[in-house]
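Listed below, chain by chain, are the residues.
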Amino acid sequence: MTLIAMPQPVMPEVLGRPRPQTEAVVLSLFLSGLVVIGMIVLLSLLLARTQIRRIMRPVNALTQAARRVEAGDLSTPVGYGGQDEFSAVCAAFDHMQEHLRQEREKSASYEKARTDLVAGISHDLRTPLTSVKGYIKGMRDGVANTPEKREQYLDVAYRKACDMERLLQRLFYFSRMETGNLPLNLVSTDLGEFVARFARETQEELAETGGKVVLRGAPAAHPVRMDREQMYRVLTNLKENALRYAGAEELVLTLTVWRQGDRECLRFADNGRGVSPEQLPHLFEQFWRGDSARSSKGGEGSGLGLYIVQYIVQAHGGTVQAKNDGGLVIELALPCEEEEEHE
Amino acid sequence: MGMRRRIFLFYTLSLVLSLVVLLGVSSLVVQGVSRFYQERAVPAADERSAQAQEILGQWSESDRDWRTLDRELDRQGYQLLVEFNGRPLYSSLDQFQEEVYRRLSGRAAWPEEGTLVLQDQGMVMVGRRCGA
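Predicted model only: the values in this text are computed from it and were never measured. (Residues numbered from 1 in each chain as written. Chains lettered and ligands numbered in written order. Predicted model: local features only at pLDDT ≥ 70, side-chain atom pairs only at ≥ 80, totals over all residues. Heavy atoms only, no water.)

A.B. asks: Looking at this model, I keep getting lost on the overall build of chain B. Mind explaining?
C.D. replies: The helix and strand tally for chain B stands at three helices and four strands. Of the regular secondary structure in chain B, the N- to C-terminal order runs α-α-β-β-α-β-β. Across the 132 residues of chain B, 33% fall into the buried class. Considering only residue pairs separated by 6 or more positions, chain B has 33% of its internal contacts joining residues 24 or more positions apart. (Helix = DSSP H or I, 4+ residues; strand = E, 2+ residues; numbered from the N terminus. Buried < 20%, exposed > 50% of the residue type's maximum accessible area, 1.4 Å probe, protein only. Contact = heavy atoms within 4.5 Å.)

So, in structure tokens, the structure goes:
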């Protein structure tokens, strides 16, 4: 027989009832763990909220900027002044926005230029067309009553028709350029010989008005790979530009070919009044027409001649620049053809 | 401060803070429970168990008046359990005391003569064997 006397145990109460030591410790640890986890979660939430707010600040700024751009406002920058990774993104966004703004302004400028072009072309076409109609009507009505007069009327009408054809050709060419439908047929060519042949042709044309062509440059090979037809157009455009805008009584075109490093260069100079320094940077822009274009000999220009020159030269991998030196000077530089390729 | 560094610091700080809080609170809990047993359980065993031990030791083996013994023990704040071959003959233990007794009785080896005070996990038991 066993007699046991037991007091009410002296135990801590955990969860409303007294518990043995081990159970009380384990349960207390478990409960305190829960409390601690709760505290940690709460603390993390507070810290995370602060962090998220900081991280979202540039994101929100970008979102608002994107909405502004969507609404058409390209002038307000993102406005985030932080020094973290997002500052680079915001800077890139600002840069893109600035680029878009410039493009939009350029596009508006082009649009205006196109509108002006259409108006100009209408005018340019109407003027010779009216002349042609007038002279033909004069002949039909018997105004040109002598063979000399009839010959004169026919000659004027023919030249006016040629002007219209030239204008339409340039427009067609520009259209092909714009649509990228202008492949180059590159063949090995001696630039010196090519320019000399052009000079001979032009000499005959200028001689009628008292002008002349001067060819300079040491006789040497100037091998380049180029599309002869397109380069002929370049020279023709430069010649027409000089004829139209130089303003010289007796036009003198000086063509110089030389080699500079790995480039074959051509200098196309006239003895005209040149171009004002403010207008020089715009000379190769499409649809750009200087003040002199309005008062040129051949009526208004299309604003495409020098743009086409630049387009073709650059398509050949070359460069073109303009300056004043006793008249307007256009300098072209084309890549030399490699010796082995030439052979 | 870079965003990557900020996030890294945030997570590191959170981790360190969590560990510090967890360790701190656990230490406090363990320390608190230990102190509780040190302060309460040991003095209780010292003061009253001697009285219960004396009452139980003086109880005659032939006397089967468990109620009288229980009342005497009750004055010292003790309840009585009488077992014979593992079966209870008399018990004034409440349910919790019985539960604790079952948990601890396996580890108790009551002496053939005299009484023994057993203290385990804050529980105090005084026991003896008598008769056959």
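Having seen the model, we can carry on.
A.B. asks: How should the overall build of chain A be read in this particular structure?
C.D. replies: What chain A contains, in helices and strands, is eight helices and 10 strands. Across the 343 residues in chain A, those meeting the buried criterion constitute 40%. Considering only residue pairs separated by 6 or more positions, chain A has 66% of its internal contacts joining residues 24 or more positions apart. By element, 54% of the accessible surface of chain A is carried by carbon and sulfur atoms, the whole surface being about 19,400 Å². (Areas by Shrake-Rupley, 256 points an atom, 1.4 Å probe, with all protein chains shown as cover.)

A.B. asks: Please explain the packing of aromatic side chains as it appears in this structure.
C.D. replies: Where two aromatic rings form a pair, the distance of their centres and the angle of their planes describe that pair. Residues and elements named next belong to chain A. Tallying each qualifying case throughout the model produces four aromatic pairs over all chains. Note on Tyr135 and Tyr153: the rings are 4.8 Å apart at their centroids and 80° apart in plane angle, and the pair reads as edge-to-face. In this pair, Tyr135 is assigned in helix H2 (residues 85-140) and Tyr153 in helix H3 (residues 147-178), connecting sequence segments 18 residues apart. Taking the centre distance of 6.5 Å and the plane angle of 50° together, the rings of Tyr307 and Tyr311 count as tilted. Of this pair, Tyr307 and Tyr311 both sit in helix H7 (residues 305-315), separated by four residues, roughly a single helical turn. A relative accessible area of 15% means that Tyr307 is categorised as buried. When its relative accessible area of 28% is taken as the criterion, Tyr311 is described as partly exposed. (Phe/Tyr/Trp six-rings, centres within 6.5 Å; stacked < 30°, edge-to-face > 60°.)

A.B. asks: Looking at this model, I keep getting lost on the pattern of salt bridges. Mind explaining?
C.D. replies: Should the charged atoms of two oppositely charged side chains come close, the side chains can pair. Residues and elements named next belong to chain A. Counted by the stated rule, this structure contains 12 salt bridges over all chains. Between Arg101 and Glu105 there is a salt bridge, with its nearest N and O atoms 2.7 Å apart. Separated by four residues within a single helix, Arg101 and Glu105 lie in helix H2, roughly one turn from each other. Judged by its relative accessible area of 24%, Arg101 is partly exposed. A single salt-bridge network, built from bridges that share partners, covers Arg267, Lys323, Asp325 and Glu331. (Salt bridge = Lys/Arg side-chain N within 4 Å of Asp/Glu carboxyl O.)

A.B. asks: What should I look at first to understand the interface of chain B and chain A in this one?
C.D. replies: Size of an interface: often given as the accessible area lost when the parts come together. Each side of the interface is counted separately: chain B has 58 residues, and chain A has 38 residues. Across the interface of chain B and chain A, roughly 4,300 Å² is buried in total on both sides, 67% from carbon and sulfur atoms. Counting every contact that joins chain B to chain A gives zero salt bridges. If you look at where chain B meets chain A, you find eight residue pairs in polar contact (both at pLDDT 80 or more). At the level of elements, helix H1 (3-58), helix H2 (66-75), strand S1 (78-84), helix H3 (95-105) and strand S4 (123-129) of chain B are the ones that each hand at least two residues to the side of chain B that touches chain A. (Buried area = accessible area lost by both parts, 1.4 Å probe. Polar contact = N/O pair within 3.5 Å; in protein donor to acceptor, adjacent residues only side chain to side chain.)

A.B. asks: Looking at this structure, I do not really get helix H5 (residues 228-245) of chain A. What am I missing?
C.D. replies: In an α-helix, one turn spans 3.6 residues; hence positions three or four apart end up facing the same way. Residue and element names in this part refer to chain A. In this model H5 runs 25 Å from its N-terminal to its C-terminal C-alpha over 18 residues, within 8% of the 26 Å that 1.5 Å per residue would give. For H5, the complete set of buried residues consists of Gln230, Met231, Val234, Leu235, Thr236, Asn237, Leu238, Lys239, Asn241, Ala242, Arg244 and Tyr245. Of the residues flanking the start of H5, the one acting as N-cap is Asp227, its side-chain oxygen 3.1 Å from the backbone nitrogen of Glu229. Just downstream of H5 lies Gly247, where phi reads positive at about 75°. (Expected span 1.5 Å × (residues − 1).)

A.B. asks: Would you mind showing me how to read the confidence of the model for chain B here?
C.D. replies: Interpretation of the predicted coordinates at a detailed level should be avoided for regions scoring low in pLDDT. Residues with a pLDDT of 70 or more make up 89% of chain B, whose mean pLDDT is 81. Here the prediction assigns the complex a pTM of 0.47, and the interface score ipTM is 0.74. (pLDDT = per-residue confidence, 0-100.)

A.B. asks: Quick question: what am I supposed to make of helix H4 (residues 191-207) of chain A here?
C.D. replies: All names here are of chain A. Between the first and last C-alpha of H4 there are 24 Å, a value that for 17 residues agrees with the 24 Å anticipated at 1.5 Å per step. Taken together, the buried positions of H4 are occupied by Leu191, Gly192, Phe194, Val195, Ala196, Phe198, Ala199, Thr202 and Leu206. For H4, the capping residue at the N-terminal end is Asp190, with a side-chain oxygen 2.9 Å from the backbone nitrogen of Gly192.

A.B. asks: In this structure, what is going on with the side chain of Arg128 of chain B? I would like to understand it.
C.D. replies: With respect to the helices and strands, Arg128 of chain B occurs in strand S4. Every residue in contact with Arg128 of chain B, bar those within four places of it in the chain, is listed here: Met1, Thr2 and Leu3 of chain A together with Leu56, Gly57, Trp59, Glu61, Trp110, Gly114 and Thr115 of chain B.

A.B. asks: Please explain the environment of Leu304 of chain A as it appears in this structure.
C.D. replies: Its place among the elements puts Leu304 of chain A in the loop between helix H6 (291-294) and H7. On a C-alpha basis, the gap between Leu304 of chain A and Tyr173 of chain A in space is 9.7 Å, while along the polypeptide they are 131 residues apart.

A.B. asks: Is there a simple way to think about the pairing of strand S7 (residues 252-260) of chain A in this case?
C.D. replies: Remark: a regular strand shows side chains that alternate across the two faces of the sheet. All names here are of chain A. Pairing of strand S5 (residues 212-216) with S7 involves five bridges; the strand directions are parallel. When the sheet's bridge partners are listed, Arg216 is paired in S7 with Thr256. As judged from the seven bridges shared by S7 and strand S8 (residues 263-269), these two strands associate in the antiparallel manner. By the bridge assignment for S8, Leu255 is matched with Phe268. Taken together, S7 and the strand that follows it, S8, pair antiparallel across an intervening segment of two residues, in which Gly261 is found at a positive phi of about 65°. (Pairing = 2+ DSSP bridges.)

A.B. asks: In this structure, what is going on with unusual backbone geometry? I would like to understand it.
C.D. replies: For residues besides glycine, phi is generally negative; the peptide bonds are generally trans as well. Residues and elements named next belong to chain B. One non-glycine residue, Asn85, lies in the positive phi region at around 55°. Mapped onto the elements, Asn85 comes out in the loop between S1 and strand S2 (87-91). Of the residues examined, Asn85 reaches a relative accessible area of 68% and is grouped as exposed.

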